[in-house]
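Below are the chains, spelled out letter by letter.
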Amino acid sequence: AQSVAQPEDQVNVAEGNPLTVKCTYSVSGNPYLFWYVQYPNRGLQFLLKYITGDNLVKGSYGFEAEFNKSQTSFHLKKPSALVSDSALYFCAVREPNSGGYQKVTFGTGTKLQVIP
Amino acid sequence: DGGITQSPKYLFRKEGQNVTLSCEQNLNHDAMYWYRQDPGQGLRLIYYSQIVNDFQKGDIAEGYSVSREKKESFPLTVTSAQKNPTAFYLCASTLGAGAFNQPQHFGDGTRLSIL
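Before going into details, it helps to say that this report is about the structure given with it.

Parameters at a glance
- Residues numbered from 1 in each chain as written.
- Chains lettered and ligands numbered in written order.
- Predicted model: local features only at pLDDT ≥ 70, side-chain atom pairs only at ≥ 80, totals over all residues.
- Heavy atoms only, no water.
- Helix = DSSP H or I, 4+ residues; strand = E, 2+ residues; numbered from the N terminus.
- Rg over C-alpha atoms; globule rule 2.2 N^0.38 Å.
- Buried < 20%, exposed > 50% of the residue type's maximum accessible area, 1.4 Å probe, protein only.
- Contact = heavy atoms within 4.5 Å.
- Areas by Shrake-Rupley, 256 points an atom, 1.4 Å probe, with all protein chains shown as cover.
- Lys, Arg positive; Asp, Glu negative; His and termini not counted.
- Charge placed at Lys NZ, Arg CZ, Asp CG, Glu CD.
- Pairing = 2+ DSSP bridges.
- Axes fitted to C-alpha atoms, helices over the stretch in contact; angles between N-to-C directions.
- Salt bridge = Lys/Arg side-chain N within 4 Å of Asp/Glu carboxyl O.
- Polar contact = N/O pair within 3.5 Å; in protein donor to acceptor, adjacent residues only side chain to side chain.
- Nonpolar A, V, L, I, M, F, W, Y, C, P; charged D, E, K, R; others polar.
- Disulfide = S-S within 2.5 Å.
- Core = buried A, V, L, I, M, F, W, Y, C linked by side-chain atoms within 4.5 Å.

1. A closer look at the overall build of chain B
Along its length, chain B carries 0 helices and 11 strands. What you see for chain B is a C-alpha radius of gyration of 13 Å, in line with the 13 Å of a compact globule of 115 residues. For the C-alpha atoms alone, the extent of chain B along its principal axes is close to 40 × 25 × 25 Å. Within chain B, the proportion of its 115 residues that are buried is 50%. Contacts in chain B between residues far apart in sequence, at least 24 positions, make up 54% of those at least 6 positions apart. Accessible surface for chain B amounts to roughly 5400 Å². Of this, 46% is attributable to carbon and sulfur atoms. Averaged over its 11 positive side-chain charges, chain B has a centre that lies 7 Å from the centre of its 11 negative ones.

Structure below.
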């Protein structure tokens, strides 16, 4: 069964510093990986995805993520954090196979706090 | 702009009462989903529908029911059998259940509480 782990409940970073939000996954085949952001009392917004190809994926709002197959990780990064990046971040995995519904599994979320 | 509209934003349920959460999308997506979000637990799938007049149970379907009579609409009923309904409920959609490489689009949720 597929699974996703976000090992940190909260990450604190100073404004202007680089940020990393960690995600590791487990699937039996090749994964489709996604990052979403959630602001208070809002739905999830899509940031970026890895399907195939380059291991470094660029997404919205200056975020990027690095796919590492050997470490089964898909960490979210940003070179310079903004206070407005403070939110809840979710990693998700989908394992493609033939036919039917393909379940998406979400991590438990990491709260990012950017300190002015 | 296309999107998903959930209503109401806040909902209160009395003991023994059924309540219905609305989800409407104008994205022309075939697949729709209902998730429950509790603090520290991520998103858990309640029900999903790949096509009109068809839906399947997710991981935590007990105490919930859905219908899919129109492509645009996927209402969720929280029945009195759901003993712990307090949570944030999120509706989502994708172009099709087989669109593996496409992200899900989410509504802004309904927060349900017990009176």
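2. Examining the sheet that holds strand S3 (residues 19-25) of chain B
In any sheet, the strands associate via hydrogen bonds between backbone groups, in a parallel or an antiparallel arrangement. All names here are of chain B. Ordered in space as S1-S3-S8-S7, the 4 strands form an open sheet in which the pairing is antiparallel. Each edge of the open sheet is held by one strand with a lone partner, namely strand S1 (4-7) and strand S7 (64-66). Taking the axes of each pair of neighbouring strands and ignoring which way they run, one obtains an average angle of 20 degrees across the sheet. Looking at chain direction, S7 and strand S8 (residues 76-78) are connected through 3 bridges and run antiparallel. Within the sheet, the bridge partner assigned to Tyr64 lies in S8 and is Val78.

3. Here's the deal with the interface of chain A and chain B
Each partner contributes residues to the interface: chain A has 24 residues there, and chain B has 26 residues. Viewed at the interface, chain B and chain A are joined by 1 salt bridge. Its salt-bridge partner being A:Arg42, residue B:Asp108 comes within 3.0 Å of it at the nearest N-O pair. Between the two partners, chain A and chain B, sit 7 residue pairs in polar contact (both at pLDDT 80 or more). In terms of residues, the side of chain A that touches chain B owes the most to one element, strand S5 (residues 32-38) of chain A, which gives 4 residues. A per-class count over the side of chain A that touches chain B returns 12 nonpolar, 8 polar and 4 charged.

4. Notes on the state of the cysteines
All names here are of chain A. In the structure shown here, the tally under the stated rule is 2 disulfides over all chains. Covalently, Cys23 is tied to Cys91 through a disulfide, its sulfur atoms 2.0 Å apart. Here the disulfide of Cys23 and Cys91 is left-handed, its torsion about the S-S bond being about -65 degrees. One end of the pair, Cys23, is in the loop between strand S3 (19-21) and strand S4 (24-26); the other, Cys91, is in strand S10 (residues 87-94), with 68 residues separating them in the sequence. Taken as a pair, Cys23 and Cys91 share a single burial class, namely buried.

5. Structural notes on the environment of B:Leu76
All names here are of chain B. By secondary structure assignment, the location of Leu76 is in strand S8. Since its relative accessible area comes to 0%, Leu76 is described here as buried. In this structure the C-alpha to C-alpha distance between Leu76 and Ile46, which are 30 residues apart in sequence, comes to 9.3 Å. What Leu76 contacts, discounting residues up to four positions off in sequence, is Val19, Thr20, Leu21, Trp34, Ile46, Tyr64, Ser65, Val66 and Tyr89.

6. Describing the pattern of salt bridges
Close approach of charged atoms lets side chains of opposite charge pair. All names here are of chain A. Evaluated as defined, the whole model comprises 7 salt bridges over all chains. Between Lys58 and Glu64 there is a salt bridge; the shortest N-O distance is 2.9 Å. Judged by its relative accessible area of 63%, Lys58 is exposed. A residue is classified by how much of its surface remains accessible, and Glu64, at 17% relative accessible area, is buried.

7. What about the nonpolar core?
In this structure, A:Trp35, A:Leu47, A:Leu48, A:Phe74, A:Leu76 and A:Tyr89 are the most contacted members of the largest nonpolar core, which totals 27 residues. Mapped by element, the contributors of at least two residues to this core are strand S2 (10-14), S3, S5, strand S6 (44-50), strand S8 (64-68), strand S9 (73-78), S10 and strand S12 (110-115) of chain A. Tallying contributions element by element places S10(A) first for this core, with 4 residues. B:Ile4, B:Cys23, B:Ile60 and B:Ala61 belong to the second-largest nonpolar core, a separate cluster that totals 20 residues.

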